[in-house]
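# A look at the structure
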Amino acid sequence: MSAVAEPRLLDAGEAALVVEFGSTVDPAISDRVLALDDALGADPPEGLRERVPTYRSLMLHYDPLVLDRATLAERVRALVSGATARASSPTLWTLPCCYASPHGEDIAQVAERSGLSPEAVVSTHSATTFRVYMYGFAPGFAYLGGLPEALAVPRRASPRPPHPRNAVMIGGGLAAVATVPMPTGWYVLGATPARLYAPERDPSFFVAAGDQIRFEPVDSATFDALTAREAAGEPVARRGEPH
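These numbers come from a predicted model, not from an experiment. (Residues numbered from 1 in each chain as written. Predicted model: local features only at pLDDT ≥ 70, side-chain atom pairs only at ≥ 80, totals over all residues. Heavy atoms only, no water.)

### Examining the confidence of the model for the protein
When the pLDDT values of the protein are averaged, the result is 91; 95% of them are 70 or greater. Predicted confidence in the protein is weakest over strand β1 (residues 3-11), with a mean pLDDT of 82, and strongest over helix α4 (residues 118-126), with 98. (pLDDT = per-residue confidence, 0-100. Helix = DSSP H or I, 4+ residues; strand = E, 2+ residues; numbered from the N terminus.)

Shown next, in the form of structure tokens:
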């Protein structure tokens, strides 16, 4: 099942409903997920607590003492039948990215696995416009689609040591920006000084699902300067029109 005309409604315990639109990483499926998310966000029924979009589904957490499952399901079906486009427009974000050592610590391995030169790995990655499909796994961990086939190396068989904060990574046909250090099976190509997640900031996540991201190569000195500006509260990500 790649896409379905009518979504499946699946219970996740007694207080969550999953609206499943398909089973693949696909922009058209993501658009349907986000259109429903926008519609429910614009006019949420009383008792709807949280909306969690993924690649292919939208999880709806609700208070069963306020909002019963049948009423929520009816509302979802009505919105799906009428929602054809997103209510909000996506944003293109340009994030500085330093691919130089020590930030691009896995570029040589990706080059070996892909058959590209290290320079071609960087140029291919930085020339790509990625789509933000979802956040998950860790606070602010952004999953990105659109990775070129030339860089679609499988993830590692076992995790590598923890990467630094704000690592820019690829693996398994996807790309990602990680906000906290952790072991990973992904390959680290660089780092961005832009903080996608900052709990003290409002909003904590400035990049939304459905937005686009491009990575702009910067040298180590520029990376250090931008990191200092970001730490001082000056955002270094640039907003533009989506492609």
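### Regarding the sheet that holds strand β9 (residues 174-178)
Across a sheet, strands are paired by hydrogen bonds formed along the backbone, either parallel or antiparallel in direction. Taken together, eight strands build an open sheet; the order of strands is β10-β8-β9-β7-β6-β11-β5-β12 and the sheet is mixed. The open sheet has two edge strands with one neighbour each: β10 (187-191) and β12 (238-240). On average, adjacent strands in this sheet sit at an angle of 35 degrees to one another, irrespective of strand direction. Running at roughly 140 degrees to strand β11 (residues 212-217), α4 makes contact with β6 (130-135), β8 (167-171), β10 and β11 of the sheet. (Pairing = 2+ DSSP bridges. Axes fitted to C-alpha atoms, helices over the stretch in contact; angles between N-to-C directions. Contact = heavy atoms within 4.5 Å.)

### Some thoughts on the packing of aromatic side chains
Counted under the stated rule, the structure contains ten aromatic pairs. Measuring from ring centre to ring centre gives 5.6 Å for Y55 and Y133, while their planes differ by 50 degrees; the resulting arrangement is tilted. In this pair, Y55 is assigned in the loop between β3 (48-53) and β4 (57-62) and Y133 in strand β6, connecting sequence segments 78 residues apart. Members of the aromatic cluster, each reached through a chain of ring pairs, are Y55, Y133, F137, F141, Y143 and W186. Stacked on the ring of Y133, the Lys or Arg R131 has its end atom at 5.3 Å from the ring centre. (Phe/Tyr/Trp six-rings, centres within 6.5 Å; stacked < 30°, edge-to-face > 60°. Lys NZ or Arg CZ within 6 Å of the ring centre and 35° of its normal.)

### Overview of the side chain of T179
Within the fold, T179 resides in the loop between β9 and β10. Sequence-distant contacts of T179, that is, excluding residues within four places in its chain, are made with P139, G140, F141, R165, N166, L196 and Y197.

### Comments concerning helix α5 (residues 220-231)
An ideal rise of 1.5 Å per residue puts 16 Å on twelve residues; α5 measures up with 16 Å between its terminal C-alpha atoms. The complete set of buried residues in α5 reads F223, L226 and E230. The arc enclosing the buried residues of α5, seen along the axis, measures out at 70 degrees, which places them on a common side. Facing away from the buried side of α5 by more than 90 degrees, the exposed set consists of A221 and A231. The positive-phi residue at the C-terminal boundary of α5 is G233, with phi of around 100 degrees. (Expected span 1.5 Å × (residues − 1). Buried < 20%, exposed > 50% of the residue type's maximum accessible area, 1.4 Å probe, protein only. Arc of directions from axis to C-beta.)

### Here's the deal with the nonpolar core
Within the largest apolar cluster, 34 residues are counted, with the highest numbers of intra-cluster contacts made by L95, L144, I170, I213 and F215. Apart from residues lying up to four places away in sequence, I170 is in contact with V110, H125, L147, L151, V153, A175, W186, Y187 and L189. If you look at the next biggest cluster of nonpolar residues, it comprises 17 residues, including L17, Y62, A73 and V80. (Core = buried A, V, L, I, M, F, W, Y, C linked by side-chain atoms within 4.5 Å.)

### Quick word on unusual backbone geometry
Only a minority of non-glycine residues have a phi that is not negative, and only a minority of peptide bonds are not trans. In the segment running from S101 into P102, the intervening peptide bond is cis, with an omega of 5 degrees. Relative to the assigned elements, P102 resides in the loop between β5 (92-97) and α3 (107-114). In the Ramachandran plot, F137 falls in the positive-phi region, its phi being about 75 degrees despite a non-glycine side chain. Here F137 lies in the loop between β6 and β7 (142-145). The residue N166 is not glycine, and still its phi comes out positive at about 65 degrees. Within the secondary structure, N166 is located in the loop between β7 and β8.

### Regarding α3
Of all the residues in α3, the buried ones are I107, V110 and A111. For α3, the buried positions fall inside an angular range of 100 degrees around the axis, keeping them on one side. Among the exposed residues of α3, those pointing more than 90 degrees away from its buried face are A108 and E112. Contacts made by the buried residues of α3 are with α4, β8 and β10. Phi turns positive one or two residues past the end of α3, at G115, with a value near 80 degrees.

### A word on the pairing of β3
Looking along a regular strand, one sees side chains alternate from face to face of the sheet. Inspection of the sheet shows β3 paired to β4 by five bridges, in the antiparallel sense. Within β4, the position partnered with V52 by the bridge is M59.

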